[in-house]
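Architecture at a glance
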Amino acid sequence: MAESVINTYFPSQVVSDAEKLSYEYGLKVAKAIESEWFYRDSASHSKYRNYKNNFHNLRLYARGEQSIQKYKDELSINGDLSYLNLDWTPVPIIPKFVDIVVNGIADRVYDIKAHSIDQHGAKQRTEYMQTVAQDMQMAQFDATIMQQTGIDTTKSSLSELPDSEEELQLHMQLDYKQAIEIAEEQAINTLLEGNNYDLISRRFYYDLVVLGIGAVKNSFTTSEGVTVEYVDPADLVYSFTDSPYFDDIYYVGEIKEVPINELAKQFPFLEDEDLQEIQDKSYNNRASYSTSGQNYRKQDKNLIQVLYFDYKTYMNEVYKIKEVGSGASKAIEKDDTFNPPESTEGNFKKLQRSIETLYEGAYVLGAQKLLKWEMSENMMRPKSNFTKVKMNYQIVAPRMYNGKIESLVSRTTGFADMIQLTHLKLQQVMSRMVPDGVYLDADGLAEVDLGNGTNYNPQEALNMYFQTGSVIGRSFTSEGDINPGKVPIQEITSGSGGNKMQALITNYNYYLQMIRDVTGLNEARDGSMPDKNALVGLQKIAAANSNTATRHILQSGLFLTASLAECLSLRISDILEYSPTKEAFIEAIGFRNVATLEEIKDLYLYDFGIFIQLAPDEEEKQMLENNIQMALQQKNIELEDAIDIRNVKSLRLANQLLKVRRSKKQAKDQQQQQQNIQMQSEANAKAAQSAAQAEVQKQSAIAQSKATLAQQQAQIDMNKMQAEIAAKKELMTLEFQYNMQLKGLEVEGLKQRETEKEDRKDKRTKIQATQQSEMIDQRKTNKPPKNFESSGNDTIGGGFNLESFDPR
């Protein structure tokens, strides 16, 4: 058996797989771990004991219960404390700072996100994204088809498509979630809730603050399923590492004190003789593994110290590749000792690969008895790389260098000691201080005569002094000499105790400020009264800086949670494939979302990337809220946008969403403005057109009115002309009748004249003379003879008259 020694203790890993599975190999590994951690040097110190004592002291400081012996040694004189009557109780300064950090970090809200990284999940995501992008490009065409035919030709089910590539990316990060991813997240959260992970996380955050290291463990059994356990860092053993994340360790374990009855249940193959032997050897060697000087003979003999450990090595997968007669190749699994012959007549060859393997062991400390050594049945292998294996323990120590761990409490213990000493010195000064007294000169009192027959004795003088503050004295004695005791009562001020107390208080505040300086927990965060003159903005900046000083603790806790979630994601596959509680587990998850039940049954076929989405803290929320309020005031976003942005837990995505919604709102406002301008232009054009039409209608109406008036005027003129014609016709008729009557009369007169001429010739001369005289008279007056013809009344419009119808 080829074997070499690694670090003087551990057996070689370059051996066959069969040898690694042997009991002897496991025993050598367990003894090597025991030797490395429990071997005592010349000062009787072991690595495990040093770590245990250091963590124990840090926890005492974190509780304000540290040992007071160092303070007694500091104040005693040759070990004598008989003259000191002090209260030695430690001042609990550090617990306040520890509680502030732990409670502040433990209250941070986060979500565990699962991202499908297998080929099927990536294909689904890509196809969905391409479908949405195609609908974005065909949006106008689809809208036209929908408007004309009522047929929805879009391929995606989104009610509102993204407007840009950036908005599409945000949609994929915020809104898109595959059913299998939802099922994975629900499964992980169900396991965490079932194991009370919230309480476990508070414990390891406390360890990160106090000890500087935190650890959790996950395991799987067919009876209990997946379990998550808190691990006390003081009980941890691990291989040397300088990585804060312990990603390069090859063994890790923890020491547990197990009752003998529990040990019998865990390992039922142990006989009573074996149990008795283990009990005796473990009890006799208990002091060798102790961490304090107490007498372990008085402890419970039924408690057995057992080392449970994981050991990571590698194994060889060997296959014999043989060519069959058809030309195909056949793979036959072999052990790692298989070596093909040098000749190729067998027509086969060897195919080999090395993969990491995890072994589990249980070893009784002090009894040198290995109770368990076997290859882990449920190794956690990432589907993306089956050659790797994950440890069952997740450990982180954010401030570790060269194997030495630093914590927030370890930075402050020296200053806490100085504060305690200052507190004790204050007690000393206070105990030595005496009240102010008075000096009474009895000889001065003897020279005073009150004049009322009473004696001015010391008691009377003191009563008067304390009640009234008055003192009676004499400047001269009864013999007339100057009285040196003219002021018989004088106040005596005590020594410089007040100055000493002020100096000690200043010293106390100095060391308290030093604790704030080395931890980063300033007054804005440690619960002290803020300065009344400090601006609110400065206080917020100070609180933000304090959060920054302890951010490594928060990130370490999130690393533990993310690592544990990755392990649980792989453990879920074990539940769904091997555990008899498979159906109950599926129902527990599907209780939240029945639609994911079918996906959960095939969950083990997928591979997921797990990450933590941390909700922003108060300062980040305030910064985001300021941006939202500014955008709302400038009307760059709507109220609905502000609600959506506040619901995003990732600050980066929230700011991106704010930018997208702001750009979208600006584009919408610009489009609305253009539409308003276009609508205004159309309204103006319509108004102008309407005005033109109204003007045309007006002119048409005016023209029509004028035509109607002209027509009516023509009709009136025609009627007037007809009436005038009728009137003239009547006038002409009447004139004609008159003319006919005149002609008739004239003819009758001619007839009569002829008759008279004939009959009365004798009178002709007389008649002629009369006519001649009339004619002469008419000539003298220049009057023409009267004409009975109408003048101007027989003319019709257009120049037509009736003169041509004069009687001829």
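As the structure is a computational prediction, the values presented were derived from the model and not from experiment. (Residues numbered from 1 in each chain as written. Predicted model: local features only at pLDDT ≥ 70, side-chain atom pairs only at ≥ 80, totals over all residues. Heavy atoms only, no water.)

1. Description of the side chain of E254
With respect to the helices and strands, E254 occurs in strand β7 (residues 251-259). One polar contact links E254 to Y393, side chain to side chain, over a distance of 3.2 Å. Sequence-distant contacts of E254, defined by excluding residues within four places in its chain, comprise K217, V231, D235, L236, V237, V306, L307, Y308 and Y393. (Helix = DSSP H or I, 4+ residues; strand = E, 2+ residues; numbered from the N terminus. Polar contact = N/O pair within 3.5 Å; in protein donor to acceptor, adjacent residues only side chain to side chain. Contact = heavy atoms within 4.5 Å.)

2. Some details on the packing of helix α3 (residues 47-63) against helix α10 (residues 197-210)
Closest axis-to-axis distance for the α3/α10 pair is 10 Å, and the angle between their directions is 100°. Relative to α10, α3 is oriented roughly perpendicular. Facing α3, whose interface residues are L58, R59, A62 and R63, α10 presents Y206, D207 and V210. Its residues assigned to classes, the contact of α3 with α10 shows four nonpolar, no polar and three charged. (Axes fitted to C-alpha atoms, helices over the stretch in contact; angles between N-to-C directions. Parallel < 35°, antiparallel > 145°, perpendicular 65-115°, else oblique. Nonpolar A, V, L, I, M, F, W, Y, C, P; charged D, E, K, R; others polar.)

3. Details of the layout of surface pockets
Taken as a whole, the largest pocket encloses approximately 1,200 Å³ of empty space. If you go around the largest pocket, you meet 40 residues; those closest to its centre are L170, H171, L174, D175 and L657. Of the residues belonging to the lining of the largest pocket, the class tally is 14 nonpolar, eight polar and 18 charged. Around the second largest pocket, the lining is made up of 31 residues, and of these K217, S219, T221, E360 and K372 lie nearest the centre. Listing elements by their share of the lining of the second largest pocket, those giving two or more residues are β4 (214-221), β5 (225-231), β7, α11 (260-266), β8 (303-323), β10 (348-364), β11 (369-375) and α18 (551-578). (1 Å grid on protein atoms, 1.4 Å probe; cavity = no way out; pocket = protein on both sides within 12 Å on 5 of 7 lines; lining within 4 Å. Points joined across faces, edges and corners; volume = space filled by probe spheres on them.)

4. Let's talk about the environment of N261
The topology assignment puts N261 in helix α11. For N261, a relative accessible area of 52% gives the class exposed. A C-alpha to C-alpha distance of 8.2 Å links N261 and N302, two positions 41 residues apart in sequence. (Buried < 20%, exposed > 50% of the residue type's maximum accessible area, 1.4 Å probe, protein only.)

5. Overview of the confidence of the model for the protein
Here the protein shows a mean pLDDT of 78. Residues at 70 or above account for 81%. Taken together, the stretch residues 1-8 has pLDDT below 50 and engages in 16 contacts with residues farther than four places along the chain or on a different chain. Note that residues 291-298 has pLDDT below 50 and, in this model, 14 contacts with residues that lie over four places away or in other chains. (pLDDT = per-residue confidence, 0-100.)

6. Observations concerning the nonpolar core
If you look at the biggest cluster of nonpolar residues, it comprises 104 residues, and the most contacted ones within it are I33, I213, F309 and Y311. In terms of residue count, α18 provides more of this core than any other element does, eleven residues in total. With residues up to four places along the chain from it excluded, the contact list for Y311 reads F10, P11, Q13, Y25, V29, Y250, Y251, T357, L358, Y359 and W373. One finds I260, L270, A362 and A367 within the second-largest nonpolar core, a separate group that totals 14 residues. (Core = buried A, V, L, I, M, F, W, Y, C linked by side-chain atoms within 4.5 Å.)

7. Concerning the sheet that holds strand β12 (residues 393-396)
Spatially, three strands are ordered β5-β4-β12 in an open sheet, and the strand pairing comes out antiparallel. Two strands bound the open sheet, and with one partner strand each, they are β5 and β12. On average, each strand axis in the sheet is tilted by 15° relative to the strand beside it, whichever way the strands run. Along the sheet, α10 contacts β4, β5 and β12; its crossing angle with β5, the most-contacted strand, is approximately 30°. (Pairing = 2+ DSSP bridges.)

8. Focus on the pattern of salt bridges
The full count for this structure, using the stated rule, is 24 salt bridges. Two residues, R125 and E181, come together in a salt bridge whose shortest N-O distance is 2.3 Å. With a gap of 56 residues between them, R125 in helix α6 (residues 119-137) and E181 in helix α9 (residues 179-194) connect regions that are remote in the sequence. You'll find R125 and E181 in the same group, each marked buried. Through salt bridges with shared partners, one network takes in R59, D207 and D232. (Salt bridge = Lys/Arg side-chain N within 4 Å of Asp/Glu carboxyl O.)

9. A look at the packing of α6 against helix α8 (residues 165-174)
Between two packed helices, what matters for the description is the angle formed by their axes and the separation of those axes. One can describe the packing of α6 onto α8 by two numbers: an axis separation of 11 Å at closest approach and a directional angle of 145°. Between α6 and α8 the crossing geometry is right-handed. Each of R125, Y128, M129, V132, A133 and M136 in α6 lies in contact with α8, whose residues at this interface are E165, L168, Q169, H171 and M172. Looking at the contact of α6 with α8 residue by residue, the classes come out as seven nonpolar, two polar and two charged. (Left-handed = near helix turned anticlockwise from the far one by under 90°.)

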